[in-house]
Amino acid sequence: MTRTEPKPPSKLSKYLRDTLAMCLHRPDEVLFLDIETTGLSHYYDEITVIGWSLGGRSHSFVKGDADASLCGAFDRAKVMITFNGIRFDERFIRNEFPGVNLPPRHVDLMYLARRVGLTGGQKAIEQELGISIRHSIYGIDGFAAVLLWHRYLRGDHEALKQLLQYNRADIAAMGYILDKVLNRLGVQKDLFSQDVRFSDWAAPQNWTEIDPKTIKKNRNLTIRHTFEDIFSDCSAAKARIVGIDLTGSEARASGWCLLDGRKTKTELIRSDQEILAKTVNAKPDLVSIDSPLCLPYGRTSVFDDDPKREEIGIMRECERELKRRGVNVYPCLLPSMQKLTARGILIAETLREMGIPVIESYPGAAQDIMRIPRKGAGIQWLQEGLQEFGLDGEFTSDTVSHDELDAVTSALVGTFHLAGLVEELGTQNEPPLVIPALKCQDRPVVIGISGPIAAGKTTLARILEQNGYAYTRFSLVIDELLIERGLELSRSNRQAIGAELNQSGRQRELAARTLERVKGSKRIVVDGLRFATDHSYLVERFGLNFMHLFVDTDEKTREHRFVLRGKADEAAERTSFKVASSSEVEREVSTLRDLAHITISNDAGKGDSERAMIRAIEQYFGENPCLSQSS
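Residues numbered from 1 in each chain as written. Predicted model: local features only at pLDDT ≥ 70, side-chain atom pairs only at ≥ 80, totals over all residues. Heavy atoms only, no water.

Another point: the overall build of the protein. When helices and strands are tallied, the protein shows 26 helices and 18 strands. By its C-alpha atoms, the protein is 110 × 50 × 50 Å across when sized along the principal axes. Sequence-distant contacts, at least 24 apart, represent 71% of the contacts inside the protein between residues at least 6 apart. A total of about 28700 Å² of accessible surface is found on the protein, and carbon and sulfur atoms cover 49% of it. Distance between charge centres in the protein, computed from 83 positive and 89 negative side chains, equals 3 Å. (Helix = DSSP H or I, 4+ residues; strand = E, 2+ residues; numbered from the N terminus. Contact = heavy atoms within 4.5 Å. Areas by Shrake-Rupley, 256 points an atom, 1.4 Å probe, with all protein chains shown as cover. Lys, Arg positive; Asp, Glu negative; His and termini not counted. Charge placed at Lys NZ, Arg CZ, Asp CG, Glu CD.)

Most of strand S1 (residues 30-37) is tucked away, with eight of its eight residues classed as buried. The alternating pattern of S1 places Val30, Phe32, Asp34 and Glu36 and Leu31, Leu33, Ile35 and Thr37 on opposite faces, both of which are buried. Here S1 pairs with strand S4 (residues 79-82) via three bridges, running parallel. Paired with Phe32 across the two strands is Ile81, which belongs to S4. Here S1 runs beside strand S2 (residues 47-54); their pairing, made up of six bridges, is antiparallel. Following the sheet pairing, Leu33 is matched in S2 by Trp52. (Buried < 20%, exposed > 50% of the residue type's maximum accessible area, 1.4 Å probe, protein only. Pairing = 2+ DSSP bridges.)

Once that is clear, we can look at the environment of Leu425. Take Leu425: it is sitting in strand S12 (residues 422-427). Using a relative accessible area of 5% as the deciding quantity, one classes Leu425 as buried. For the pair Leu425 and Cys318, spaced 107 residues apart in sequence, the C-alpha separation works out to 4.9 Å. Apart from the residues within four sequence positions on either side, Leu425 is in contact with Cys318, Glu321, Leu322, Arg325, Pro432, Leu433 and Ile435.

So, on to the packing of aromatic side chains. As enumerated under the stated definition, the model contains 10 aromatic pairs in all. Residues Phe231 and Phe416 carry aromatic rings whose centres are separated by 5.0 Å and whose planes lie at 75° to one another, so their mutual orientation is edge-to-face. Placement of Phe231 in helix H10 (residues 227-231) and of Phe416 in helix H17 (residues 402-419) is noted, with a sequence separation of 185 residues between them. As far as burial versus exposure is concerned, Phe231 and Phe416 are alike and both buried. Across the ring face of Tyr43, the terminal group of Arg325 is positioned such that the distance to the ring centre comes to 3.9 Å. Over the face of the ring belonging to Tyr471 we find Arg462, whose NZ or CZ atom lies 3.6 Å from the ring centre. (Phe/Tyr/Trp six-rings, centres within 6.5 Å; stacked < 30°, edge-to-face > 60°. Lys NZ or Arg CZ within 6 Å of the ring centre and 35° of its normal.)

Turning our attention to the nonpolar core. Counting residues in each nonpolar core, the largest one holds 77 residues, and the members touching the most others are Phe416, Ile447 and Leu549. Counting residues per element, this core draws most heavily on H17, which supplies nine residues. When neighbours within four sequence positions are excluded, Leu549 is seen to be in contact with Ile447, Gly448, Ile449, Ser450, Ile598, Ile600, Met613 and Ala616. Ranked by size, the runner-up nonpolar core spans 52 residues in total, among them Leu153, Leu164, Ile171 and Phe198. (Core = buried A, V, L, I, M, F, W, Y, C linked by side-chain atoms within 4.5 Å.)

This part is about the sheet that holds strand S10 (residues 358-361). Reading across the sheet, the eight strands line up as S11-S8-S7-S6-S9-S10-S13-S12 and stay open at both edges, with mixed pairing between neighbours. Each edge of the open sheet is held by one strand with a lone partner, namely strand S11 (392-393) and S12. On top of the sheet, helix H14 (residues 338-353) reaches strand S7 (254-260), strand S9 (286-290) and S10; it is set at about 155° to S10, its chief contact. Helix-sheet contacts for H17 involve strand S6 (240-245), S7, strand S8 (263-269), S9, S10, S12 and strand S13 (430-436), and the interaxial angle to S6 is about 135°. (Axes fitted to C-alpha atoms, helices over the stretch in contact; angles between N-to-C directions.)

Attention now goes to helix H22 (residues 532-542). Extensive coverage of H22 is indicated by the burial of 10 of its 11 residues. The complete set of buried residues in H22 reads Ala532, Thr533, Asp534, His535, Ser536, Tyr537, Leu538, Val539, Glu540 and Phe542. Two residues or fewer after H22 comes Gly543, characterised by a positive phi angle close to 55°.

This part is about the sheet that holds S2. Judged by pairing direction, the sheet is mixed, and its five strands sit side by side in the order S3-S2-S1-S4-S5 without closing on themselves. Strands with a single pairing partner mark the edges of an open sheet, and in this sheet they are strand S3 (57-62) and strand S5 (105-108). Neighbour-to-neighbour, the strand axes of this sheet turn through a mean angle of 25°, independent of strand direction. In the packing of helix H3 (residues 85-96) onto the sheet, contacts are made with S1, S2, S4 and S5, and the angle to S1 comes to roughly 80°.

Another point: the side chain of Thr266. Take Thr266: it is sitting in strand S8. Exposure remark for Thr266: the relative accessible area of 14% places this residue in the buried category. Within the structure, Thr266 has its side chain in polar contact with the side chain of Glu404 (distance 2.9 Å). With near-sequence residues (within four places) excluded, Thr266 lies in contact with Trp256, Cys257, Val400, Glu404 and Val408. (Polar contact = N/O pair within 3.5 Å; in protein donor to acceptor, adjacent residues only side chain to side chain.)

Below, the discussion takes up the pairing of S13. Summarising burial for S13: five of the seven residues are buried, a large majority. With two bridges connecting them, S10 and S13 associate as parallel partners. Directly across from Glu360, in S13, lies its bridge partner Leu433. Counting the residues in the hairpin turn of S12 and S13 gives two residues.

Phi angles above zero are rare outside glycine, and Asn84 is one such case at about 65°. Take Asn84: it is sitting in the loop between S4 and H3. With phi around 65°, Asp233 is a residue other than glycine that occupies positive phi space. Inspection of the secondary structure assignment puts Asp233 in the loop between H10 and S6. By relative accessible area, which is 69% here, Asp233 ends up exposed.

Packing of helix H11 (residues 272-281) against H14 brings their axes to within 11 Å, and their N-to-C directions diverge by 35°. Viewed along their axes, H11 and H14 form a crossing whose handedness is right-handed. Residues Asp272, Ile275, Leu276, Thr279 and Val280 of H11 touch H14, and the partners they reach there are Arg343, Leu346, Ile347, Thr350 and Leu351. For the contact of H11 with H14, the per-class residue count stands at six nonpolar, two polar and two charged. (Left-handed = near helix turned anticlockwise from the far one by under 90°. Nonpolar A, V, L, I, M, F, W, Y, C, P; charged D, E, K, R; others polar.)

Structure representation (structure tokens):
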């Protein structure tokens, strides 16, 4: 191997000079430390092992152990040495031990090594410097260390021993790196300091010795929550959900999964037409797609010739937030992602227009949260993790692709969503990326009422208002638009603007503005659903906290009611009824009937209809006990 010439050292700050002098003067008070975790996200992942060397002894802390020895080491040390510890180790430690007192000074070797031209990860620097101490654990890296922990959780004590040895080796190597770096920096001991080799302090005589008691200790660690733990007695556990791990092109097959309760059926599908047909035929309660489903707000095209490209960029807020949490995610308009984003948006819009609700999911983040190894760890680990979570199906025994397993995970996110156990990352102008959470969302109970013209929708909605529901309807927002345009508040104008909004793809915007009028309410009734998109939007927003009630009334009764409340003569009102009934916004009434959760007849008197509605609401929400606490 050809080694580059050492880079001339950069000038050290007074803080760093004083800290290194302190290390040389009191090496017995220098703490070399390294942690192992379940992943890279300080937000979702957790520490599994902490190793340290201090005062001529090496020690290890394993998750589930008492932390007194670790905290005592922090208290005794004056300086802490890590590699990439400022951004990683320290952040994890402060998260999991919020009251801990870390040593007052911290030297991060990653940055110190850069001063003498040593860049890259710790193992790359070890190789460049000719440091060779990893004989018994050769080939293990940080990713393999995560798998060692998963193996330990499943009863493999030898895996824990290897993990502890790997952690100790990282710490030992830090001492050798520090010696080399100090030599290149030309740091000299003062008259009162001793000759110090930090390799002796980071790798004391016992650094390779792992106490058998540490390996065999019974820590009673639970691997993770299960489907039964989370969704027991919740109707979301019986939902039919389609998960799609979408690819950027029909040339490469996408993973497709139907999750029926916890029974899975998977396959690989190539064309958009087949994906749509298969999904519609499955009659799902929800579709969850692993693909960006919207653009950064203000962008109008996925491609780089978008005039807003430089101003707005290529990332949405949900992606920025995941990055802040330490989750690796690609920007939705990265060149390699542009076709995928366009494809995902098209498929989602097509399904939503049919009344099928669609959410955006990210299987990798979901797997991190559920402590399931990602597909990069090996397909068998992802397969085993999903099975341990409680899912069943052919994937547990047959050979399946990682795309299908990611589709299974996407579908599972849909179960979390219906139950309200999710966090939605997005903005008011960017539909959310949905990720699982174990704390229930504070969702309101929402009743959406649809039905043909003069069926009695508003009468029933106002009854709910009298019973404590906040009332809103789509036509209120349409009236605001009519006023802005200086148009008369007439039925024909309302229907015309309603059709215009729907045809221009702004129906979801209309639904959002309709709900904004009752923001913060615990119980809401939405009067006048007109399009299938209204249904899909409300399911996406509220999951099982949304009930779609269709009010059915025969045409003769509806015409009679329409004429009675009219202001013109009877013949004119009958003509007006026929015109209104045949308008574009009334054409999807039959579709809404098919999409509704409950249908009631309003042919009888008002009292009978009211009682039927109350029974329907009690029945629906009584069968859906996984509602938010606010309900």
